Each structure stands twice: as C-alpha cells, then as structure tokens.
Amino acid sequence: MSKIPTVDGIPVPLIPSSEPSTDRKTLVKAEDAIESPPSRFSLRLSAGWWRSLQYVGMSLHFLAPPRPPSPTFSRTIPSTISKTKGNFALQFYTPKGYDAKDSSKKYPAVVNFHGGGFTIGSATDDARFGRFVLDTCDAIFVSVDYRLAPEHPFPVAVDDGADAILYLIRHANELHIDPSRLATSGFSAGANVAITSTLRLAEHLNSTPRPLVPEHTIRAVATWYPITDYTLSRAERRATSVRPDQTLPDNITSLFDASYLYPPELILANPLLSPSKASDEGLARGIPPNVIFYTCEWDMLLREGEELAKRLGEHPIDKKVFYKMIPAVPHGWDKSPDPLKPAAHSEELYLECCERLRDIFTKS
C-alpha cells in the first residue's frame, strides 16, 4: 500500500493534478509559475488552516520516543537586512554543561531553518535533529522562526536567515558561541534558506565595512531535500519523479508557490531564490567549504538537488561535498506524524550528518 505524503507531519491526501506533465519550459517570472493566483487574503486564510493542521501533525510527531528536547531559551531579534522591518524569534537548544553564567567554554553553533514551503512550520519542528546536534556535536542548536509567506513573501525568509547568522556572530561572546565554528542546516524550504542565507550574508558583508562584523567562519551547510530551482515547473518535477504518486499534490504546492513567489514580476532565476541559478563565482564565494547534502528518492526535488550537489563539488566551485540519496522515501519522510516511533532511518541519518558536522567542527 502506498504511503500518504506528509508536509511537516500533516498527511496530505493525493489530489490529481490538472497541470500538463511533459513539456520542458523554463519559467521566468512568478506569474509563469502560478496560474490564476488567489488573492493575498485568500492565501492567508488557507495558510492559517494548514498551520493549524501542521501543529496537530507535529504534536503527534513529538510523541514518539525518545522525546525531542525543548528550547532552553529564546531571543526575539529585529530584522536589520530586510527591507520589510519586523521581528522574529530564535530558539536556542543548549548541550549538557552549558552555563549561561560561565563564559570559559565556547561552543560551535548550528543555525537551523525549518521546512513548510515558506508558508507553514515553526522553529521547533526540527527538535529531533537538534537532539543529535546537542549530543553528537556538543554544539548549540539555534532554530530560526523566520517570517512566513504569504504575509512575508520572498526574500524575507532569506534575509531573516542571514540576519540570524549575523546576530549570532555579533553576540557570540554573550551566548558562549565560537564564531569560528558555525554551520547552517535546514529541511525542505528551510534547506533552501540554509544555502541562500549564506549567499545573502556574503552579499551583505561585501557591502559592509568589515570592522563592524567580528571575524567568523561558517564551516558547513547541512541541507535536507532542498528546493533549489524555481525556474522548473511543478509539472516537470512530478514528471521526472520515479514515484509521482508520492510527490506533494498540486493543492499544497500551489499554495506554497503562490504565497512565496510574489510579486508576479519576481524573477525566478534570482540566486537567493534559486541557488541552482547562482554563478560559479557566487557559489564559490558564498557557500561554506563543507556541504552535507541529502535528497529523497521519491521526491520531485531529487533531480535539481542531485545536480546542485554535483556542481558544488566540481571545479571551479570545489566544495567538499558529501551527498546521499535516501532510497524509497518521499519528501519530508522524517517528519512522519507517527506517535509510536520516529520515521524509518531518520535517527541513523541524523546521527550520520551530525558526526560529519562534529568532525568539521573539531578540525583546526
């Protein structure tokens, strides 16, 4: 029996897509990707409904033993990079031995971005992965509640991601963070932000006097089944999947795309939206030296992820890339709403990823 795909813990019944499925067409603007877009008000109502379902799904996901940790503390910070001013929260998970009053030990930090199509989800969704960061890497896990679409379409999520990293760099001493041992991580839409936030930060720092930003090193990015190329249509992606019946259905991907890809004249090849379209020079400059890249065999995003991972490891970009395609699983399989046990192989893959991050952090 086929599994029902899930979106951050929400089972999504399959609805036949009305899209054509074979012709390759490069999308140029947001209006090319979204036919008859709903009103922004309607999108907000739909997003609110899905957010409620997602809360229920993730509550079930968290019941499975071993229970994931809760945040140790949080910080609400102002946006400084985005043109859309506002505030967003950072959720801090700290390892054993962390003492807010003891500044003698500095910890690595992993800055994480949750999934949900830029439209649903919250910073606590990846707490199961965060447990492995704490226990395996002896690192601080900082998960970002970046602002969501449709209220805040592109590029707000990416700007907030870069702002979150910048905040940790500037406040590293008081947070007991070693700014020379940073990494980003993310899942699905958040995996896109894990990549694009480093590009955005590099772009921002290139225009900022260096003395205003303390010395730091982002050593790695761990990206799980990211969306990397919005110039591809959803129809083409589904057509290239080995299990189209296991891809996210049109009703949910249309909501995500209509919410995030705005205004209609937005150029989809923008590297901060579609990192696959970034220049070799931009990727070489902005992407951390180590890349840990996971894709899912039944995911419609498999091919674009595979191609980007391969490109990052080749000359002239020359990153050190660890790539793994997880066989026989759909997009977001690890967020299964099963209250009895974690998703199959999720714990061992989280451990594998964090062992690699630990090794990267411990190298001088």
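Residues numbered from 1 in each chain as written. Predicted model: local features only at pLDDT ≥ 70, side-chain atom pairs only at ≥ 80, totals over all residues. Heavy atoms only, no water.

Asks: Just checking my understanding: could you explain the side chain of N290 for this structure?
Replies: Within the secondary structure layout, N290 lies in strand 9 (residues 290–296). The exposure class of N290 is buried, given its relative accessible area of 15%. In terms of polar contacts, N290 uses its side chain to reach the backbone carbonyl oxygen of R219, at 2.9 Å. What N290 contacts, discounting residues up to four positions off in sequence, is R219, A220, V221, K320 and I360. (Helix = DSSP H or I, 4+ residues; strand = E, 2+ residues; numbered from the N terminus. Buried < 20%, exposed > 50% of the residue type's maximum accessible area, 1.4 Å probe, protein only. Polar contact = N/O pair within 3.5 Å; in protein donor to acceptor, adjacent residues only side chain to side chain. Contact = heavy atoms within 4.5 Å.)

Asks: Can you walk me through a nonpolar patch on the surface in this structure?
Replies: Where nonpolar side chains cluster on the molecular surface, the patch consists of Y55, V56, L60 and L63 and spans about 390 Å² of accessible area. Turning to its location among the elements, L63 is positioned in helix 2 (residues 40–63). (Patch = residues over 30% accessible without salt bridge, like charges linked within 9 Å, V, L, I, M, F, W, Y side chains within 5 Å. Areas by Shrake-Rupley, 256 points an atom, 1.4 Å probe, with all protein chains shown as cover. Salt bridge = Lys/Arg side-chain N within 4 Å of Asp/Glu carboxyl O.)

Asks: Whenever I open this one, helix 3 (residues 127–137) confuses me. Can you help?
Replies: The α-helix advances 3.6 residues per turn, and as a result positions three or four apart in sequence lie on the same side. Burial of helix 3 is extensive: 10 of the 11 residues sit out of reach of the surface. Looking only at helix 3, the buried set comprises A127, R128, F129, G130, R131, F132, V133, L134, T136 and C137. Of the residues one or two after helix 3, D138 is the one with positive phi, at around 50°.

Asks: What is the right way to read the pattern of salt bridges from this model?
Replies: Between side chains of opposite charge, pairing is possible as soon as their charged atoms come close. One pass over the structure, following the stated rule, counts 20 salt bridges. A salt bridge links R131 to E347, with the shortest nitrogen-to-oxygen separation between them at 2.9 Å. With R131 in helix 3 and E347 in helix 11 (residues 346–362), this pair connects stretches of sequence that are 216 residues apart. Among the salt bridges present, the one from D245 reaches R243, with a minimum N-O distance of 2.8 Å. Its relative accessible area of 28% is what places D245 among the partly exposed residues. Salt bridges sharing common partners tie together D126, D334 and K335.

Asks: When you look at the packing of aromatic side chains in this model, what are you seeing that I'm missing?
Replies: Given two aromatic rings, one states the distance between the centres and the angle between the planes to describe the pair. If you walk through the whole model with that rule in mind, you get 19 aromatic pairs. Arranged with centres 5.4 Å apart and planes meeting at 15°, the rings of F187 and W224 form a pair that is stacked. Of the two residues, F187 is situated in strand 7 (residues 177–187) and W224 in strand 8 (residues 218–224); the sequence distance between them amounts to 37 residues. With a relative accessible area of 0%, W224 lands in the buried category. Three or more aromatic residues joined by ring pairs make a cluster, and in this case those are Y93, F129, F132, F141, F187, W224, Y225, Y294, F322, W333 and Y350. In this arrangement the basic side chain of R40 is found over the ring face of Y262, its NZ or CZ atom lying 3.9 Å from the centre. Taking the ring centre of Y230 as reference, the NZ or CZ of R237 above it sits at 5.9 Å. (Phe/Tyr/Trp six-rings, centres within 6.5 Å; stacked < 30°, edge-to-face > 60°. Lys NZ or Arg CZ within 6 Å of the ring centre and 35° of its normal.)

Asks: Please clarify how the sheet that holds strand 3 (residues 73–78) should be interpreted in this entry.
Replies: The pairing of strands in a sheet comes from backbone hydrogen bonds and takes either a parallel or an antiparallel form. Read across the sheet, 8 strands follow the order 3-4-6-5-7-8-9-10 without closing on themselves; strand pairing throughout is mixed. Each having just a single partner strand, strand 3 and strand 10 (320–326) make up the two edges of the open sheet. Averaged over all pairs of adjacent strands, the angle between their axes in this sheet comes to 20°, without regard to strand direction. With 5 bridges connecting them, strand 8 and strand 9 associate as parallel partners. (Pairing = 2+ DSSP bridges. Axes fitted to C-alpha atoms, helices over the stretch in contact; angles between N-to-C directions.)

Asks: How do you make sense of the pairing of strand 7 when you look at a structure like this?
Replies: For a regular strand, side-chain orientation follows a simple rule: the groups alternate between the two sheet faces. Counting buried positions along strand 7 yields 9 of 11 residues, so the element is predominantly enclosed. Across 6 bridges, the pairing between strand 5 (residues 107–113) and strand 7 is parallel. Along strand 7, the bridge assignment pairs V110 with A183. Both strand 7 and strand 8 contribute to a ladder of 6 bridges, which runs parallel. Within the sheet, the bridge partner assigned to S185 lies in strand 8 and is A222.

Asks: I tried to follow helix 11 on my own but got confused; where do I start?
Replies: The terminal C-alpha atoms of helix 11, which comprises 17 residues, lie 24 Å apart, in line with the 24 Å expected from a rise of 1.5 Å per residue. All buried positions along helix 11 are accounted for by S346, L349, Y350, C353, C354, L357, I360 and F361. Relative to the axis of helix 11, the buried residues are bounded by an arc of 130° and lie together on one face. Opposite the buried face of helix 11, at more than 90 degrees from it, the exposed residues are E348 and T362. In the core, the buried residues of helix 11 are packed alongside strand 5, helix 3, strand 7, strand 8, strand 9 and strand 10. (Expected span 1.5 Å × (residues − 1). Arc of directions from axis to C-beta.)

Asks: Is there a simple way to think about the side chain of S197 in this case?
Replies: When you line up the elements, S197 lands in helix 6 (residues 189–206). Once you skip the residues sitting within four places of it in the chain, S197 turns out to touch F113, V158, G161, A162, I165 and T184.

Asks: When you look at the nonpolar core in this model, what are you seeing that I'm missing?
Replies: Inside soluble globular proteins, nonpolar side chains tend to come together where they are buried. Counting residues in each nonpolar core, the largest one holds 71 residues, and the members touching the most others are L90, F118, L168, Y260 and L261. Among the elements that take part in this core, helix 4 (residues 156–170) stands out by supplying 9 residues, more than any other. Dropping the residues within four chain positions of it, Y260 is found in contact with F118, A149, P153, F154, A157, V158, Y230 and L273. (Core = buried A, V, L, I, M, F, W, Y, C linked by side-chain atoms within 4.5 Å.)

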